[in-house]
Structure formats: structure tokens, C-alpha cells
Amino acid sequence: MSADIRLLQFSDPHLFDSVADALRGVCSYESLRAVLAHAGTHLAAADAVLLSGDLVNDEVGGYRHVRQLFGALGKPVLCVPGNHDDPEAMREALAVPPFQTDGHLDLGAWRIILVDSCWPGHVLGRIGAGALQRLDESLRSAQDRPSLICLHHHPVPLGSRWIDSIGLQNADEFIAVTDRYPALRTIVWGHVHQNFDSRRKGVRLLATPATCAQFLPHTDSFAVDPSPPGYRRLTLAADGTFSTEVLRIAAAGHGHGHGEPPLVAGHRSR
């Protein structure tokens, strides 16, 4: 088996109880099925899957579709809740293998850490004191093991006034914890329905498109982006370097899906 760890991140499927319901004009269930079909061989080869929140769109009946679509993969499915999830209902519905909804998982040389940024009753996120303490302990006990953090809400501004008003409310507390640990390599999230790729103090900061409707980047007010749904692929090497790309399914009538390259195409990053 290769020393590389291969992850796929799917975000914001917004599943309803009914498989026919749509979000922003996109049937979320069928869109997710199309994304998973596009992932195909990448999904078969993955060592684990990340689901970065808003698994359902306020309807807990949607969790049965998560179990149906991801439950038979035969590999870890690591889930964090989003603002449209019911965290308790999500954990209850996914309290069976291969799902994991809390804590961390060590895969190869890497540690994957799940952080709950849900703030009940709010669209924006907040990480509670207990969750911050558990994050700190997960990073501390990792020692020199390279680490990846997955949460739902964005901890840094994206340059979009309306989106940045619904990010992580206590991002400063989160960043204060993460800054203490040089083995942290990347933070990945969902929520924003768009690709984002930046760096801060050597840490790669990554947002991943939704598997349903997309939001237009760099806008003052809400706008839908016509870009097709997508997902992220990450390849984590034993030496702590990694590569990543966003892949999108084909838009209707536009042929094959396409990838969005990392910051420095063809090179591993850290």
C-alpha cells in the first residue's frame, strides 16, 4: 500500500427528506449522485472521505440518504455538522460504521481532526470552549505528526462581504490554538459553496465547492455562481507535504468536468 493517504472532500450536499427537492434550482440529491459518479475511480482509491457540513438542508430525514450513499464505501467517512444540520440528529443517524462525527483519526503518517463549528440558532459559526480544548489536545498529542483540520465555517475572510459576515465568529480563538502547532499543514472547510485556496503562516487554507448550487465569490451581496458542483481531492504524503485539486462535474451541455489546479501546479505544498 502506498505511503500516501488519499482523501476526497464533499461539502454542503443540502439533502432533503425528499429526493426530488431542490436548492437554488439544483436537485441536491441527484446533484450529489452525479458528483459521486464523477469521483468514480478517485472514490474507489480513497483512504477516507470528508463530509464538511450541511449534510442536510434542515430536514433530518436527509441523513438516511447520507447513510445510503456513503455507508457502503468500506472506508472511513468523517463528518462535521454545518449550520443547516442538527448535530445531535446527525450523530445519532451516523452512529454506525463507517461514519465518524467527532474527534480525530490517524491515517498513515497523518492526523485528521474534526471540529464542530455549529452555533445553534445561528448561520455563522462558533467553536465552543470544550471543542477548542479537544482541538488543542488533538494537535498536542499529534506531536510531529502532520495534521489536517476539517470544520464547516471559514476561519479567515474570503473577500466577500456577505459571506464573511457568516463565518467563524470566534476565529481568533481558533487561530490562537492552531498557531501553536507547527505540524499543522492544512485547514479545510465548506459553507461558502466555492473554491478558495490561500496560505497563512505556512498553513494551506482551503474551501471546497458544494455538491449542489455554488455561490459567486467576491461579492458584497448574495449571488449564485453558475459553476457546476465539485469536490476536492487531497493526497497526503508521509513526509508532511501534500497536493490538492478541485474537480467539477460537467455542466449541462459542456462536455467533461475539469480540475482547478493547486497554487503551484504539479508541486507538493506544505
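Report follows, based on the coordinates. (Residues numbered from 1 in each chain as written. Predicted model: local features only at pLDDT ≥ 70, side-chain atom pairs only at ≥ 80, totals over all residues. Heavy atoms only, no water.)

## Observations regarding the overall build of the protein
Scanning the protein from N- to C-terminus turns up six helices and 17 strands. Radius of gyration (C-alpha) of the protein: 17 Å, near the 18 Å computed for a compact globule of 270 residues. A burial count over the protein gives 55% of its 270 residues as buried. Restricting the contact set of the protein to residue pairs at least 6 apart, pairs at least 24 apart contribute 67%. For the protein, the exposed area adds up to about 11,200 Å²; of that, 53% sits on carbon and sulfur atoms. (Helix = DSSP H or I, 4+ residues; strand = E, 2+ residues; numbered from the N terminus. Rg over C-alpha atoms; globule rule 2.2 N^0.38 Å. Buried < 20%, exposed > 50% of the residue type's maximum accessible area, 1.4 Å probe, protein only. Contact = heavy atoms within 4.5 Å. Areas by Shrake-Rupley, 256 points an atom, 1.4 Å probe, with all protein chains shown as cover.)

## Quick notes on helix α1 (residues 28–45)
Given 3.6 residues per helical turn, the α-helix brings residues three or four places apart onto the same face. For α1, which comprises 18 residues, the first-to-last C-alpha distance of 25 Å matches the rise-based estimate of 26 Å (1.5 Å per residue) to within 8%. Along α1, the sharpest kink reaches roughly 70°, centred on Ala39. For α1, every residue scored as buried is listed here: Ser28, Tyr29, Ser31, Leu32, Val35, Leu36, Ala39 and Leu43. Looking at the packing, one finds that the buried side of α1 touches β1 (5–10), β2 (22–23), β3 (26–27), β4 (48–52), α2 (63–70) and β15 (230–236). (Expected span 1.5 Å × (residues − 1). Bend = angle between axes of the 7 residues up to and from the residue.)

## Topic: the pattern of salt bridges
Counted according to the given criterion, the structure contains 15 salt bridges. Across the salt bridge formed by Asp116 and Arg91, the nearest N and O atoms sit 2.9 Å from each other. Pair noted here: Asp116 is in the loop between β8 (110–114) and α4 (129–142) and Arg91 is in helix α3 (residues 87–93), with a separation of 25 residues, a long-range link. Classification of Asp116 as partly exposed rests on a relative accessible area of 23%. With a relative accessible area of 22%, Arg91 lands in the partly exposed category. Connected through shared salt-bridge partners, Asp136, Glu137, Arg140 and Arg180 make up one network. (Salt bridge = Lys/Arg side-chain N within 4 Å of Asp/Glu carboxyl O.)

## Some points on the packing of aromatic side chains
All told, the structure shown has seven aromatic pairs when counted by the stated rule. Taking the centre distance of 6.0 Å and the plane angle of 35° together, the rings of Trp189 and Phe196 count as tilted. Residue class for Trp189 comes out buried when judged on its relative accessible area of 0%. Taken together through their ring pairs, the aromatic side chains of Phe10, Phe70 and Tyr231 make up a single cluster. Arg126 extends its terminal NZ or CZ atom over the ring of Trp119, reaching a point 6.0 Å from the ring centre. (Phe/Tyr/Trp six-rings, centres within 6.5 Å; stacked < 30°, edge-to-face > 60°. Lys NZ or Arg CZ within 6 Å of the ring centre and 35° of its normal.)

## What to know about helix α6 (residues 171–178)
Within α6 the residues assigned to the buried category are Ala171, Phe174, Ile175, Val177 and Thr178. Projection of α6 onto a plane perpendicular to its axis shows the buried side chains occupying an angular sector of 155°, all on one side. Those residues of α6 that are buried lie in contact with α4, β9 (147–150), β10 (184–189) and β11 (196–200). (Arc of directions from axis to C-beta.)

## With respect to the pairing of strand β16 (residues 242–248)
Along β16, five of the seven residues are buried, which leaves the element largely enclosed by surrounding structure. When β15 meets β16, the two strands line up antiparallel, connected through seven bridges. Pairing of Gly230 across the sheet is with Arg248, part of β16. In textbook terms, the turn of a hairpin is the stretch between consecutive antiparallel strands, and for β15 and β16 this stretch comprises five residues, one of which, Gly240, has a positive phi near 90°. (Pairing = 2+ DSSP bridges.)

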